[in-house]
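The chain contents come next:
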Amino acid sequence: MSIITERWRPVVGDEERFVSSHGRMISKHGRLQKISTKYGYAKAGNHLIHRAVAEAFFGPRPEGHVICHGDLGHHVNAVWNLRYDDQAGNMADKGTTWASQNKTPSTICWPVGTEYELNK
């Protein structure tokens, strides 16, 4: 998957909504969901966007891991800015870049039969 091509997958546990590889969410009717960042993390309704993207594209979160945001901050929830790591790895991100730590986003889970491209 190219990071340029936006792909959509169902939100785990709420297959009426879809989340994209670019960190956006739509309803089952194709309406873009309003994202709120009022409490520090991007949220649409009851869904934290970073959690929905990670579960849809990386699979279940490993035991003892958190979802880490990369160099672009907590409001960028695209697959290239997220990874699973333990809390110590998450704290090590503060004040430094992923590149300087040789860190990369988590690997996208394949194959997935429920992946979509819009407007094709």
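Residues numbered from 1 in each chain as written. Predicted model: local features only at pLDDT ≥ 70, side-chain atom pairs only at ≥ 80, totals over all residues. Heavy atoms only, no water.

1. Considering the environment of H29
Working step 1: Within the fold, H29 resides in the loop between strand 3 (25–26) and strand 4 (43–44).
Working step 2: H29 gets classed as exposed once you look at its relative accessible area, which sits at 57%.
Working step 3: The spacing of H29 and E16 is 13 residues in sequence and 8.5 Å in space, taken between C-alpha atoms. (Helix = DSSP H or I, 4+ residues; strand = E, 2+ residues; numbered from the N terminus. Buried < 20%, exposed > 50% of the residue type's maximum accessible area, 1.4 Å probe, protein only.)

2. Some remarks on the environment of G45
Working step 1: By secondary structure assignment, the location of G45 is in the loop between strand 4 and strand 5 (47–48).
Working step 2: Separated by twelve residues in the primary sequence, G45 and Q33 have C-alpha atoms spaced 8.3 Å apart.

3. Focus on the sheet that holds strand 3
Working step 1: Taken in spatial order, the three strands line up as 1-2-3 in an open sheet, and their pairing is antiparallel. Either end of the sheet is taken by a strand with one partner, and the two such strands are strand 1 (8–11) and strand 3.
Working step 2: Sheet analysis places strand 2 (residues 14–20) next to strand 3, joined by two bridges and oriented antiparallel. Considered in strand 3, the bridge of V19 is made with M25. (Pairing = 2+ DSSP bridges.)

4. Here we look at the pattern of salt bridges
Working step 1: Taken as a whole and judged by the stated rule, the model has five salt bridges.
Working step 2: With a shortest N-O distance of 3.0 Å, R17 and D14 are connected by a salt bridge.
Working step 3: When its relative accessible area of 27% is taken as the criterion, R17 is described as partly exposed.
Working step 4: Overall, D14 belongs to the buried group, its relative accessible area being 15%.
Working step 5: Residues joined by salt bridges that share partners form a network here, namely R83, D85, D93 and K103. (Salt bridge = Lys/Arg side-chain N within 4 Å of Asp/Glu carboxyl O.)

5. Things to note about the side chain of H50
Working step 1: Assignment of secondary structure puts H50 in helix 1 (residues 49–58).
Working step 2: With residues near it in sequence (within four places) discarded, H50 still touches Y41, I67, H69, N77 and L82. (Contact = heavy atoms within 4.5 Å.)

6. A few points about the nonpolar core
In a soluble, globular protein the nonpolar side chains are often hidden away together inside.
Working step 1: By size, the foremost hydrophobic cluster in this structure holds 17 residues, and its most contacted members are V19, M25, I49, V53, F57, F58 and V79.
Working step 2: Contributions of two or more residues to this core are made by helix 1 and strand 7 (82–86).
Working step 3: At seven residues, the largest contribution of residues to this core is made by helix 1. (Core = buried A, V, L, I, M, F, W, Y, C linked by side-chain atoms within 4.5 Å.)

7. Some remarks on the packing of aromatic side chains
Working step 1: Tallied over the entire structure, the rule returns one aromatic pair.
Working step 2: For the pair F58 and Y84, a centre-to-centre distance of 5.9 Å together with 75 degrees between the ring planes defines the contact as edge-to-face. On the criterion of sequence distance, the pair formed by F58 in helix 1 and Y84 in strand 7 is long-range, its members being 26 residues apart.
Working step 3: With relative accessibility at 8%, the residue F58 sits in the buried group.
Working step 4: Taking the relative accessible area as the measure of exposure, Y84 reaches 11% and is therefore buried. (Phe/Tyr/Trp six-rings, centres within 6.5 Å; stacked < 30°, edge-to-face > 60°.)

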